[in-house]
Amino acid sequence: MKITRIEPILVGAPTPGVGLLSNRNYLFIKVHTDEGIYGLGEATLESHDNSVLGALKDIECLILGEDPTRIEYLTQKMVKQLFWKGGVIKGSAISGVELALWDILGKALNKPVYKLIGGACRTKIRAYVNGWSGGSYDPAVVRENALIAMAAGYNAFKFSLALPVWQVNDPVNIKIIRKVSETIRDTVGPDALIMYDGHGRYDADMAIKIGRIFEELDFTFFEEPCQPEDEDGLAKVASRLDIPVATGERLSFLPEFKRLLSNKCASIIQPDLGHSCGFGTALKAAHLAEAFNAFIAPHGPMSPVVTTVSMHLDAVIPNFLIQERLFLNDWRNNVITEPIKVEDGFITLNDKPGWGIELDEELCKAHPAESPYTPQLFRPDGAVCDW
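Residues numbered from 1 in each chain as written. Predicted model: local features only at pLDDT ≥ 70, side-chain atom pairs only at ≥ 80, totals over all residues. Heavy atoms only, no water.

K.L.:
So what's going on with the sheet that holds strand β2 (residues 24-33)? Which residues, and what values?
P.N.:
Sheet strands pair by backbone hydrogen bonding; their relative direction is either parallel or antiparallel. Overall, antiparallel pairing links the three strands, which are arranged β1-β2-β3 in an open sheet. Each having just a single partner strand, β1 (3-13) and β3 (38-42) make up the two edges of the open sheet. Averaged over all neighbouring strand pairs, the angle between strand axes comes to 20°, with direction disregarded. Two strands pair when backbone bridges link them, and β1 and β2 are joined in this way by 10 bridges, in the antiparallel orientation. Each residue of the ladder has a partner; that of V11, found in β2, is Y26. (Pairing = 2+ DSSP bridges. Helix = DSSP H or I, 4+ residues; strand = E, 2+ residues; numbered from the N terminus. Axes fitted to C-alpha atoms, helices over the stretch in contact; angles between N-to-C directions.)

Here's what the structure looks like:
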């Protein structure tokens, strides 16, 4: 069996809300072979579609004509053979291809991917919902949306507030974060899990102030309190708060995960299988984290494809914590032929070969690519904030 073609597929997938969440295109990758078997992957990278498509063209020459079942070998070629190992753009392109190769292997052997990696450690996957709040700061809207998400089967909730915070201290915005956080806790009850995504918007001192709110309200983790390259800042926050720090979604290579763990930046690692050069690197990162007694909570606010792929990782690793799942109560949930169902906070994997899913091609065609949109944040003095 030989690889004959890489086919990128862009699907327009705007995010409902109040304009404080990113609109994106899903970027799916199909890898075709001369035996008629094809594999499905995802390389969605918000607002960087053209960059990832260009990277795909650059690496295509490295894998055409190759045996698709030599996954590690081909991943090494894509990473190493053009001298520049790259960052998240190249990592996303490699991920899309690498994930498709695992799908091909599973289909060729008539086995789900998780059964090729030692079999499942658990019978179902615990999940939390993200994107449910629509990005609103209004407590009434947040409460209403939380009730909708609860009715959809979730009992774990992550949210983020796109506020243009000042460095070090910002009493006004800290009060907004406190009010919304208290509203969510009051709505979902004392037993539900709540997580906050800082999007790397804060310096360490500001993050610690905000984190004190989350300690009081028994949040499960504080995601990206600082930028991922600010390892000293992350370590400072982690050492000063009594809730875990989570990070890792923007990383693509194993040494980056090693630094996070070695420097005690976080105890929850969040590889994104659509950015981290694929399933193989995320699996290695999970084993590395296990040696540090750290846990894995894969990042996955894109399409149901990468969520399904991530669940195969979740199934096989002993140090899995919880899986991110974007709140999809519209056509986006049906972009795959086996739509994800959440029941009492859990998702069950199917036993079909490969990833166990296919794209609904007609639905994809009905939603052509759109102009992506990522909001911009500026402080009152006009200074640029991290989005």
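K.L.:
So, the environment of L251: which residues are in play, and what are the values?
P.N.:
When you line up the elements, L251 lands in the loop between β8 (245-247) and α9 (254-262). The class for L251 is buried, based on a relative accessible area of 8%. Between the alpha carbons of L251 and G354 there is a distance of 25 Å; along the sequence they are 103 residues apart. Those residues in contact with L251 that lie beyond four places of it in its chain are P228, E256, F257, L260, H275 and S276. (Buried < 20%, exposed > 50% of the residue type's maximum accessible area, 1.4 Å probe, protein only. Contact = heavy atoms within 4.5 Å.)

K.L.:
Describe the layout of surface pockets, listing the residues and the values that go with them.
P.N.:
Considering only enclosed or pocket space, the second largest pocket measures out at about 290 Å³ in volume. As for the second largest pocket, its lining consists of 16 residues, and the residues nearest its centre are P339, K341, I347, T348 and L349. Within the residue set of the lining of the second largest pocket, elements represented by two or more residues are α11 (304-316) and β12 (346-347). Here the lining of the second largest pocket gets three residues from one element, more than from any other, and that element is α11. Classifying every residue of the lining of the second largest pocket by side-chain character gives eight nonpolar, four polar and four charged. (1 Å grid on protein atoms, 1.4 Å probe; cavity = no way out; pocket = protein on both sides within 12 Å on 5 of 7 lines; lining within 4 Å. Points joined across faces, edges and corners; volume = space filled by probe spheres on them. Nonpolar A, V, L, I, M, F, W, Y, C, P; charged D, E, K, R; others polar.)

K.L.:
Quick one: what's the story with the nonpolar core, residue by residue and with numbers?
P.N.:
Residues F28, V97 and W132 are the most contacted members of the largest nonpolar core, which totals 113 residues. Per-element tally for this core: the top contributor is helix α3 (residues 88-109), with nine residues. Apart from the residues lying within four places of it in its own chain, the contact partners of W132 are V142, N145, A146, A149, F157, K158, F159, I184 and F327. (Core = buried A, V, L, I, M, F, W, Y, C linked by side-chain atoms within 4.5 Å.)

K.L.:
Describe the pattern of salt bridges, naming the residues involved and giving the relevant values.
P.N.:
A side chain of one charge can pair with a side chain of the opposite charge when the charged atoms of the two come close. Here the structure, examined in full by the defined rule, presents 20 salt bridges. Among the salt bridges present, the one from K365 reaches E362, with a minimum N-O distance of 3.8 Å. Here E362 and K365 lie together in helix α12 (residues 361-365), a separation of three residues that amounts to about one turn. The same class applies to K365 as to E362, namely exposed. The network of salt bridges with common partners includes D103, K107 and E358. (Salt bridge = Lys/Arg side-chain N within 4 Å of Asp/Glu carboxyl O.)

K.L.:
Explain helix α2 (residues 71-80) residue by residue, including any values.
P.N.:
Among the residues of α2, I71, L74, T75, K77, M78 and V79 are the ones counted as buried. Buried positions along α2 lie against β1, α1 (49-63) and α3.

K.L.:
Describe empty space enclosed by the protein, listing the residues and the values that go with them.
P.N.:
As enumerated under the stated definition, the model contains one cavity of 30 Å³ or more in all. In this structure, the largest cavity is lined by L163, V165, R201, L377, R379, C385 and D386.

K.L.:
So what about the packing of aromatic side chains? Which residues, and what values?
P.N.:
A full pass over the atoms with the stated rule returns 14 aromatic pairs. Look at F279 and W355: their rings are 5.8 Å apart centre to centre, the planes differ by 50°, and that puts the pair in the tilted class. With F279 in helix α10 (residues 279-291) and W355 in the loop between β12 and α12, the pair connects residues that are 76 residues apart, well separated along the chain. In this structure an aromatic cluster arises from ring pairing among F159, Y196, Y202, F214, F219 and F222. Across from the ring centre of Y38, 4.2 Å away, lies the NZ or CZ of K30, which sits over that ring. Stacked on the ring of W387, the Lys or Arg R201 has its end atom at 5.0 Å from the ring centre. (Phe/Tyr/Trp six-rings, centres within 6.5 Å; stacked < 30°, edge-to-face > 60°. Lys NZ or Arg CZ within 6 Å of the ring centre and 35° of its normal.)

K.L.:
Break down the packing of helix α5 (residues 139-151) against helix α6 (residues 171-188) for me, with residues and values.
P.N.:
Running from N to C, α5 and α6 point in directions that differ by 35°, and their axes come no closer than 9 Å. Crossing geometry of α5 relative to α6 is assigned as right-handed. Note on element contacts: α6 touches α5 through K179, V180, T183, I184, T187 and V188, opposite P139, V142, R143, A146, L147 and M150. Of the residues in the contact of α5 with α6, the class split is eight nonpolar, two polar and two charged. (Left-handed = near helix turned anticlockwise from the far one by under 90°.)

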